[in-house]
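So the chains spell out like this:
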Amino acid sequence: MPAQPEVYDEVAYVYDGTLEGLLSAIFAAYANHEDPSDVVREGVMQPRLAQRLARIETDVAHADRVRRGLCRACGHQAFSAVRKAALSAREDAGTAAYRFVRYAMDSQKKRDCTRCRKRATCSGAQGRGPCPKQRGRALSDVTHPAVEPLFRIARAVDQECEHMRQFIRFEHLRSDEADVWFARCNPRDSVVPLVMGHFVERFSIQPFIIYDENHHLAGVFDGSTWYLVRTNDPATSLLELPGHAADEAAMQQAWKRFYRTVAVESRYNPELRRHFMPKRFWRNLTEMQEDPQALAVSARR
């Protein structure tokens, strides 16, 4: 019997949800000479009618080729935006990153060098390589439909990082064998890898752990280097958390008292507080462990 014709007219790539998986999917699109309509992490993909799914295996070598090519052609800021998209919780983040990479690389190939005064000495003239003058232009064109979604996603991830820098609260844990500071957080995006450097600079040589409850990811700093641990429970033997230090309860109570003391009665505005301190973070904030109504009454006294 003759082979049946292919009924699918579009393809969607599914990757494992990591940055390396996303870059591997972008590499596969070029290698397979395909233009997938969706590039989505596994677990959230809902195929449309007449859409074929292709599971892309993560290949670190392919991912590194895409990373180096993107940095060379479009600059490190472009790669940083793609990295933030890989950490975003939005379902269309992978597609936005792929569309941007495709647009950015095509812009380099289709450029016109005839009027450039440096075309005689430029290493990238006439398509021989990336143009140094256009390396950062792709990401700055925020009105282009291939750039605007990625720009918006990267900006949202940056905002979530700022929330983590503001609202992470550490507890002092100590035992005979360990002395560590521990913090729980629940960000919308998996931003722990992006904020670890910030806290490493401030803790210097003091070990600490930041545990992301939503993504089951822990950033661990041992006093010299930091690394990521995937775990469903930070209290397991994998992390071996000690108990609270003897003065931890007194320190938490002092912080709550300070929070109530600095409140200005005439400016008490719960709506504004929820705007600047989103309520989804409250369960891990030391100062918000009391009833908000009780805090309001204390602020008015």
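Before reading further, recall that the structure is shown in the block above.
Residues numbered from 1 in each chain as written. Predicted model: local features only at pLDDT ≥ 70, side-chain atom pairs only at ≥ 80, totals over all residues. Heavy atoms only, no water.

## Let's talk about the overall build of the protein
Looking only at helices and strands, the protein has 10 helices and eight strands in total. For the protein, the proportion of its 301 residues judged to be buried stands at 43%. Surface exposure of the protein reaches about 17500 Å², of which carbon and sulfur atoms provide 51%. (Helix = DSSP H or I, 4+ residues; strand = E, 2+ residues; numbered from the N terminus. Buried < 20%, exposed > 50% of the residue type's maximum accessible area, 1.4 Å probe, protein only. Areas by Shrake-Rupley, 256 points an atom, 1.4 Å probe, with all protein chains shown as cover.)

## Here's the deal with helix 8 (residues 248-261)
In this model helix 8 runs 20 Å from its N-terminal to its C-terminal C-alpha over 14 residues, within 8% of the 20 Å that 1.5 Å per residue would give. For helix 8, the full list of buried residues reads Glu248, Gln252, Lys256 and Arg260. All buried residues of helix 8 lie within an arc of 115° about the axis, which places them on one face of the element. (Expected span 1.5 Å × (residues − 1). Arc of directions from axis to C-beta.)

## Observations concerning the side chain of Glu160
Mapped onto the elements of the fold, Glu160 is located in helix 6 (residues 148-167). Within the structure, Glu160 has its side chain in polar contact with the side chain of Arg280 (distance 2.9 Å). The contact partners of Glu160, leaving out residues within four places of it in the chain, are Pro187, Arg188, Asp189, Val191, Arg280 and Phe281. (Polar contact = N/O pair within 3.5 Å; in protein donor to acceptor, adjacent residues only side chain to side chain. Contact = heavy atoms within 4.5 Å.)

## Side note on the packing of aromatic side chains
Taken as a whole and assessed by the stated rule, the structure comprises seven aromatic pairs. Aromatic side chains Phe170 and Phe203 sit 4.7 Å apart centroid to centroid with 55° between the ring planes, which places their arrangement in the tilted category. With a gap of 33 residues between them, Phe170 in the loop between helix 6 and strand 4 (171-174) and Phe203 in helix 7 (residues 192-203) connect regions that are remote in the sequence. Phe203 matches Phe170 in its accessibility class, with the two residues each being buried. Here Phe208 and Phe221 contribute two aromatic rings whose centre-to-centre distance is 5.3 Å and whose plane-to-plane angle is 40°, an arrangement assigned as tilted. Here the residue Phe208 occupies a position in strand 6 (residues 208-212), and Phe221 occupies one in strand 7 (residues 217-221), the gap between them amounting to 13 residues. Overall, the relative accessible area of 3% leaves Phe221 in the buried class. Among the aromatic side chains, those forming a connected cluster through ring pairs are Phe170, Phe199, Phe203, Phe208 and Phe221. Over the aromatic face of Tyr30 sits the side chain of Arg102, whose NZ or CZ is 4.4 Å from the ring centroid. (Phe/Tyr/Trp six-rings, centres within 6.5 Å; stacked < 30°, edge-to-face > 60°. Lys NZ or Arg CZ within 6 Å of the ring centre and 35° of its normal.)

## Considering the environment of Ala96
Tracing the sequence through the fold places Ala96 in helix 4 (residues 93-109). Placed 49 residues apart in sequence, Ala96 and Pro145 show a C-alpha to C-alpha distance of 9.6 Å. If sequence neighbours within four positions are ignored, Ala96 has contacts with Ala146, Pro149, Leu150 and Ile153.

## Observations concerning the sheet that holds strand 3 (residues 51-55)
The sheet built from three strands is open, its strands ordered 2-1-3 with parallel pairing. Two strands in the sheet have a free side with no partner beyond their single neighbour: strand 2 (38-41) and strand 3. Strand-to-strand twist of the sheet, defined as the mean angle between neighbouring strand axes without regard to direction, takes the value 30°. Sheet analysis places strand 1 (residues 10-15) next to strand 3, joined by five bridges and oriented parallel. Bridging across to strand 3, Glu10 finds its partner in Gln51. The strands that helix 1 (residues 19-31) touches are strand 1 and strand 2; relative to strand 1, the one it contacts most, it runs at about 150°. (Pairing = 2+ DSSP bridges. Axes fitted to C-alpha atoms, helices over the stretch in contact; angles between N-to-C directions.)

## Points about the sheet that holds strand 8 (residues 226-230)
Strand order in the open sheet formed by five strands is 4-5-6-7-8, with mixed pairing between adjacent strands. Taken across any chain shown, the strands that pair with only one partner, and hence form the sheet edges, are strand 4 and strand 8. Within this sheet the neighbouring strands show an average axis-to-axis angle of 25°, counted without direction. Relative to strand 8, strand 7 is paired through five bridges, and the arrangement is antiparallel.

## Observations concerning the packing of helix 1 against helix 3 (residues 76-87)
With their axes 9 Å apart at the nearest point, helix 1 and helix 3 run at an angle of 115° to one another. Compared by their axis directions, helix 1 and helix 3 come out roughly perpendicular. Helix 1 and helix 3 meet at a crossing whose hand is right-handed. Contacts between helix 1 and helix 3 involve Leu19, Leu22 and Leu23 from the former and Phe79, Val82, Arg83 and Ala86 from the latter. Of the residues contributing to the contact of helix 1 with helix 3, the split by class is six nonpolar, no polar and one charged. (Parallel < 35°, antiparallel > 145°, perpendicular 65-115°, else oblique. Left-handed = near helix turned anticlockwise from the far one by under 90°. Nonpolar A, V, L, I, M, F, W, Y, C, P; charged D, E, K, R; others polar.)

## Side note on unusual backbone geometry
In this structure, His33 takes a positive phi of about 55° despite not being glycine. Among the secondary structure elements, His33 is positioned in the loop between helix 1 and strand 2. Backbone geometry at His216 places phi at a positive 55°, although glycine is not the residue there. Here His216 shows up in the loop between strand 6 and strand 7. The class for His216 is partly exposed, based on a relative accessible area of 32%.

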